[in-house]
Amino acid sequence: TVRKQSQYDEMKTAAEKSNNGTNTKQPYPILLDVTNDEQIPTAMKQLQNYLNDHNKNLIAVVNNAGINPEGDKINEGETYEIRNELADPTTIGRRVFETNVIGVGRVTKACL
């Protein structure tokens, strides 16, 4: 899956070009923000349609969605205030947990 529309468009174009008559196969992207419950059914329907159209079965899920905003800021040399209120939906910790743990669970459950 890919979260950003611009990346999705680029990857889908590359996959379609690559998969037309060549031996090199590119992964087929599916647009999905793992933190958004409403996008899961659409993504799963798109996946099922792709599998049906190509007479394939789902044999594995590479479920590697993840963010590390603190690491990004550190790498950029920025300073910022660390907030420890995990339950506050605006905190870095909450966003990381929603993406890296709950989002992975959402996708895994939907693919079972």
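Below is a short write-up of the structure. Given the structure is predicted, the values throughout are model-derived calculations rather than measurements. (Residues numbered from 1 in each chain as written. Predicted model: local features only at pLDDT ≥ 70, side-chain atom pairs only at ≥ 80, totals over all residues. Heavy atoms only, no water.)

Concerning the overall build of the chain
Piece 1. Regarding its fold elements, the chain presents four helices and zero strands.
Piece 2. Ordered by position in the sequence, the α and β elements of the chain form the string α-α-α-α.
Piece 3. Considering the chain as a whole, with its 112 residues, one finds that 21% of them fall into the buried category.
Piece 4. The long-range share in the chain, meaning contacts at least 24 apart out of those at least 6 apart in sequence, stands at 49%.
Piece 5. Accessible surface, the chain as shown: approximately 8,300 Å² in total, 50% of it carbon and sulfur. (Helix = DSSP H or I, 4+ residues; strand = E, 2+ residues; numbered from the N terminus. Buried < 20%, exposed > 50% of the residue type's maximum accessible area, 1.4 Å probe, protein only. Contact = heavy atoms within 4.5 Å. Areas by Shrake-Rupley, 256 points an atom, 1.4 Å probe, with all protein chains shown as cover.)

Here we look at the nonpolar core
Piece 1. Counting nine residues, the largest nonpolar core is built from Ile 30, Leu 32, Val 34, Ile 40, Ala 43, Met 44, Leu 47, Leu 51 and Val 107.
Piece 2. A total of five residues in this core trace back to one element, the largest contributor, which is helix α2 (residues 40–53).
Piece 3. Setting aside its immediate chain neighbours within four residues, Met 44 contacts Ala 110 and Cys 111. (Core = buried A, V, L, I, M, F, W, Y, C linked by side-chain atoms within 4.5 Å.)

Concerning the side chain of Glu 98
Piece 1. Here Glu 98 is to be found in helix α4 (residues 92–111).
Piece 2. Apart from the residues within four sequence positions on either side, Glu 98 is in contact with Thr 35, Gly 103 and Arg 106.

A closer look at α4
Piece 1. Here α4 is 20 residues long and its end C-alpha atoms lie 28 Å apart, about the 28 Å a rise of 1.5 Å per residue gives.
Piece 2. The largest bend along α4 measures about 35° and falls at Ile 102.
Piece 3. Restricting attention to buried positions, one finds in α4 the residues Ile 92, Val 96, Glu 98, Thr 99, Gly 103, Val 104, Arg 106 and Val 107. (Expected span 1.5 Å × (residues − 1). Bend = angle between axes of the 7 residues up to and from the residue.)

Structural notes on helix α1 (residues 5–18)
Piece 1. When the terminal C-alpha atoms of α1 are compared, their 20 Å separation across 14 residues agrees well with the 20 Å that a helix rising 1.5 Å per residue should span.
Piece 2. Within the span of α1, buried status applies to Tyr 8, Ala 15 and Ser 18. Buried residues of α1, viewed axially, fall in a sector of 105°; they line one side. In α1, those exposed residues whose orientation departs by more than 90 degrees from the buried face are Ser 6, Glu 10 and Lys 17.
Piece 3. Here the buried face of α1 lies against α2. (Arc of directions from axis to C-beta.)

A closer look at the environment of Gly 93
Piece 1. Relative to the helices and strands, Gly 93 is located in helix α4.
Piece 2. According to the relative accessible area criterion, Gly 93 is partly exposed, its value standing at 28%.
Piece 3. Taking the C-alpha atoms as reference points, Gly 93 and Asn 68, 25 residues apart in sequence, are found 9.5 Å from one another.

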